[in-house]
Amino acid sequence: MKILVTGGYGLVGKSLQKVVKACDFDGNFYFLSRVDCDLRNSEQTTNWFKEYNPDVVVHLASRVGGVYDNMNGNYEYLVDNARININVVDSCKVVGVKMLINILSTCIFPDQNVSYPLTSNQLHNGLPHHSNIGYAYSKRILHLASHLLTKIDVDKWCTRVVNLTPTNLYGDYDNYNLKSSHVIPGLIHKTSIAKMTSGELHVYGTGKAMRQFLYVDDLSNVILQFIDLYKDKALNEMEISCIVSPPESSEISIKSLIEKICNIFNFTGKIHYDTSYSDGQYKKTASSDELSKYLPNLTYTSISTGLENTIKFFNDNKEHLRL
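All values derive from a computational prediction rather than experimental measurement. (Residues numbered from 1 in each chain as written. Predicted model: local features only at pLDDT ≥ 70, side-chain atom pairs only at ≥ 80, totals over all residues. Heavy atoms only, no water.)

Asks: Looking at this structure, how should I read the sheet that holds strand β5 (residues 160–166)?
Replies: What links the strands of a sheet is backbone hydrogen bonding, and the strands pair in either a parallel or an antiparallel sense. One open sheet accounts for six strands, arranged β2-β1-β3-β4-β5-β10; its pairing is parallel. The open sheet has two free edges, formed respectively by β2 (28–31) and β10 (239–244), since each of these has just one partner strand. On average, each strand axis in the sheet is tilted by 15° relative to the strand beside it, whichever way the strands run. Where strand β4 (residues 99–103) meets β5, five bridges bridge the pair, whose relative direction is parallel. In the sheet register, M99 faces β5, and the bridge partner there is R160. Docked against the sheet, helix α2 (residues 42–52) engages β1 (2–6), β2 and β3 (56–59), running at close to 155° with respect to β1. (Pairing = 2+ DSSP bridges. Helix = DSSP H or I, 4+ residues; strand = E, 2+ residues; numbered from the N terminus. Axes fitted to C-alpha atoms, helices over the stretch in contact; angles between N-to-C directions. Contact = heavy atoms within 4.5 Å.)

Asks: What's the story with the nonpolar core in this structure? I'm lost.
Replies: In summary, soluble globular proteins display a tendency toward joint burial of nonpolar side chains. Among the nonpolar cores identified, the biggest contains 37 residues, and V58, L164, I223, F226 and I227 are the most heavily contacted of them. The set of elements that each furnish at least two residues to this core consists of β1, α1 (11–23), β2, β3, β4, β5, α7 (216–231) and β10. The greatest single-element share of this core, amounting to nine residues, is contributed by α7. When residues no more than four places from it in sequence are discounted, the contact partners of I227 are M1, I3, F25, F29, V56, V58 and I101. Counting residues in hydrophobic clusters, the runner-up holds 32 residues, among them L4, L32, L123 and L142. (Core = buried A, V, L, I, M, F, W, Y, C linked by side-chain atoms within 4.5 Å. Buried < 20%, exposed > 50% of the residue type's maximum accessible area, 1.4 Å probe, protein only.)

Asks: Would you explain the environment of I141 in this entry?
Replies: Residue position: I141 is located in helix α5 (residues 133–149). Judged by its relative accessible area of 31%, I141 falls in the partly exposed class. With sequence-adjacent residues up to four places away left out, I141 is seen in contact with A82 and I86.

Asks: I keep staring at the packing of aromatic side chains and nothing clicks. Help me out?
Replies: Any two aromatic rings considered together are summarised by their centre-to-centre distance and by the angle between their planes. Applying the stated criterion across every chain, the model contains nine aromatic pairs. Site record: aromatic cluster; members linked through ring pairs are F25, F29 and F31. One cation-aromatic arrangement involves K14 over Y173; the distance from NZ or CZ to the ring centre is 4.9 Å. Sitting above the plane of the Y77 ring, R63 keeps its charged end 5.0 Å from the centroid. (Phe/Tyr/Trp six-rings, centres within 6.5 Å; stacked < 30°, edge-to-face > 60°. Lys NZ or Arg CZ within 6 Å of the ring centre and 35° of its normal.)

Asks: What am I meant to see in the pairing of β1 here?
Replies: Remember that side chains alternate between the two faces of the sheet whenever the strand is regular. For β1, the tally of buried residues reaches four of five residues, placing the bulk of the element in the interior. Summarising the sheet, β1 and β2 pair through four bridges and their orientation is parallel. Each residue of the ladder has a partner; that of I3, found in β2, is F29. With respect to chirality, the unit in which β1 leads through α1 into the neighbouring parallel β2 is right-handed. In terms of strand pairing, β1 meets β3 through four bridges, oriented parallel. Bridge pairing links I3 to V56 in β3. (Right-handed = clockwise from strand over helix to strand, strands pointing away.)

Asks: Can you help me understand the pattern of salt bridges in this one?
Replies: It is possible for side chains of opposite charge to pair when their charged atoms get near one another. All chains considered together, the criterion is met by nine salt bridges. The salt bridge partner of R40 is D80, with a shortest N-O separation of 3.7 Å. With R40 in the loop between β2 and α2 and D80 in helix α4 (residues 74–95), this pair connects stretches of sequence that are 40 residues apart. On the basis of relative accessibility, which here comes to 41%, the residue R40 falls in the partly exposed class. Its relative accessible area of 13% is what places D80 among the buried residues. Between D80 and R63 there is a salt bridge, with its nearest N and O atoms 2.9 Å apart. Of the two residues, D80 sits in helix α4 while R63 sits in the loop between β3 and α3 (67–72), which places them 17 residues apart along the sequence. With relative accessibility at 33%, the residue R63 sits in the partly exposed group. (Salt bridge = Lys/Arg side-chain N within 4 Å of Asp/Glu carboxyl O.)

Listed below in structure tokens is the structure:
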């Protein structure tokens, strides 16, 4: 079985490489990056897929960034990601991919008109939060295009689609750049600097926003288990959508997250909350029940263990990371 991974050298791609190697997974993986192909270019993308002719595609590639990078670049996030997603889905159609695994995000759910905890069937119930509306709609386009792909009447093949929607991801090979990072890698980098300089830790927002954080290796394990279910012919549905999230009880405030990071760094200096910055969406509480239907024995890495692992990796590999 040939498995093509787009975005193979990003946060999830690097994690997936590590997990595949650790468990000696039965399958030929091809981890590809933007250096190999510009997925915004339809001709390049189709030629790329024809060259590898994969059975399974794990679609990880996207333009990503933190809340403030999204707010300042909503147009670019929409256009770049919409091009990437349409080209990948269309190339799956062209070469007859048997299974497409998409990675969505809870940040693309409506800001209002939803019931908590979030479930996959609420995705299109209203507008996403204005702070990341460009990225959100590009992911909704991916969701719709993949759904329509499963409806195409073909004689020789059909594409099974699995949409996995993780909560806030973090882990080793993240983007730690202070201008474009997500919350955890940005806070790790800021706290490291404050610790080294004995300065103040300056954070954006009030710290009141609530989030569920998912250690990236847990998502990689979920991806591999779905590929196993496909290989074992244990999936009956043509289209599956699951939120990948630790239990609702794991939801914590950004302020509590900051305290955990500071404790691991042994940082005891002053923390300044700059309330002139937006908190983004206040909460996105998600249910873990959908995934339990398919993977009832799945366990999650605790936020404390995940942070300790990630901070150790950061401290040991600063010179090789995206800072």
